[in-house]
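Structural overview
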Amino acid sequence: LEKRQTAVRKIDTKWQPKPKRGASSMAKTGENMQCRAICYLQDGSGIAAGLNNGAVLFMDSETLETKHTVKPSSQWIQTLKFDPSGDYLAVGSHDNNIYIFSTTGVMESPDNCALTATCKGHNSFITHIDW
């Protein structure tokens, strides 16, 4: 029995990926391009993805083409949520801040995305946002 358990352990460790730093040890992207949070625009036309390098990608939901990128933080993005109208995106980061972006028409033009407010003073990571 002991020999079988040892053999199983060897097989398990052989086929497991080697540990590495980053949001996921199974990720195929670089350490700074791993997605931590995602949300859809209400009409389904776009996706916002928060990465572990503090960036937010705005992508077309059909092609997954990146339309625009903002980087409000140097810490990873834990949560993000569009408001019910889709005109604003709240971004919660591990730097203890919430960033509010105006996003009306962001899928058509990157110029339509602007940081409109930063909510500071939280004493811990922002783990959830709701409008």
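Residues numbered from 1 in each chain as written. Predicted model: local features only at pLDDT ≥ 70, side-chain atom pairs only at ≥ 80, totals over all residues. Heavy atoms only, no water.

**Some points on the packing of aromatic side chains**
The following threshold applies: Pairing of aromatic side chains here covers Phe, Tyr and the six-membered ring of Trp, requires ring centres within 6.5 Å, and sorts the geometry by plane angle: under 30 degrees stacked, over 60 edge-to-face, intermediate tilted. Counting as a charge over the ring demands two things of the Lys NZ or Arg CZ atom: a distance within 6 Å of the ring centre and an angle within 35 degrees of the ring normal.
On inspection of all chains with the given rule, the structure shows zero aromatic pairs. Sitting over the face of the ring of Trp76, Arg36 holds its NZ or CZ atom 3.9 Å from the ring centroid.

**Here we look at the sheet that holds strand 2 (residues 46-51)**
How we decide: Note: two strands are recorded as paired if DSSP finds a minimum of 2 bridges between them. Counting from the N terminus, the helices are DSSP H or I runs at least four residues long and the strands are E runs at least two residues long. Here, axes are lines fitted to C-alpha atoms. For helices the fit covers the stretch in contact, and angles between N-to-C directions go from 0 to 180 degrees.
Strands sit in the order 1-2-3-4 across an open sheet of four strands; the sheet is antiparallel. With partners counted over all chains shown, the strands left at the sheet margins are strand 1 (35-40) and strand 4 (66-70), one partner each. Each neighbouring strand pair of the sheet contributes to a mean axis angle of 20°, computed without reference to strand direction. Strand direction decides the pairing type here: strand 2 and strand 3 (residues 56-60), joined by five bridges, are antiparallel. Directly across from Ile47, in strand 3, lies its bridge partner Met59.

**Focus on the confidence of the model for the protein**
Put simply, the rule is: For every residue, the predictor reports its confidence as pLDDT, a number between 0 and 100.
Model confidence for the protein is summarised by a mean pLDDT of 79, while 76% of its residues fall at 70 or above. Per-residue pLDDT, averaged within each element of the protein, yields its smallest value for helix 1 (residues 2-15) (45) and its largest for strand 6 (residues 88-93) (95).

**Describing the nonpolar core**
Definition in use: We call a set of buried Ala, Val, Leu, Ile, Met, Phe, Trp, Tyr and Cys residues a nonpolar core when their side-chain atoms join them within 4.5 Å. Relative accessibility under 20% of the residue-type maximum defines a buried residue, over 50% an exposed one, and the middle range a partly exposed one, all with a 1.4 Å probe and only protein chains included. Throughout, a residue-residue contact means that at least one pair of heavy atoms, one from each residue, lies within 4.5 Å.
Of all hydrophobic cores here, the largest spans 17 residues; its most connected members are Ala48, Val56, Phe58, Leu80, Leu89 and Val91. Contributions of two or more residues to this core are made by strand 1, strand 3, strand 5 (77-82), strand 6 and strand 7 (98-102). Ranked by the residues each element gives to this core, the list is headed by strand 5, at three residues. In this structure Leu89 touches Cys39, Ala48, Val56, Phe58, Leu80, Lys81, Phe82, Tyr99, Ile100, Phe101, Thr103 and Trp131, once residues within four positions along its chain are discounted.

**Observations concerning the sheet that holds strand 6**
One open sheet accounts for four strands, arranged 5-6-7-8; its pairing is antiparallel. Strands at the two margins of the open sheet, each flanked by one partner only, are strand 5 and strand 8 (114-119). Going from strand to strand, the sheet's axes swing by 20° on average, the running direction of each strand aside. Alignment of strand 5 against strand 6, held across five bridges, turns out to be antiparallel. Opposite Ile77, over in strand 6, you have Ser93 as the bridge partner.

**Some words on the pairing of strand 4**
Relative to strand 4, strand 3 runs antiparallel, the two being bridged by four bridges. Its bridge partner lying in strand 4, Phe58 is registered against His68. Taking the residues that link successive antiparallel strands as the turn, the strand 3-strand 4 hairpin has five residues, and the phi of Leu64 there is positive, at about 60°.

**Points about the side chain of Ser93**
What counts, and what does not: Counting of polar contacts relies on pairs of N or O atoms within 3.5 Å, with two restrictions inside protein: one atom must be capable of donating a hydrogen and the other of accepting it, and residues adjacent in sequence are counted only when both atoms are side-chain atoms.
Along the polypeptide, Ser93 turns up in strand 6. One polar contact links the side chain of Ser93 to the main-chain amide nitrogen of Asp95, over a distance of 3.2 Å. Ignoring sequence-local partners within four residues, the contact set of Ser93 consists of Ser73, Gln75, Trp76, Ile77, Gln78, Tyr99, Phe125 and Ile126.

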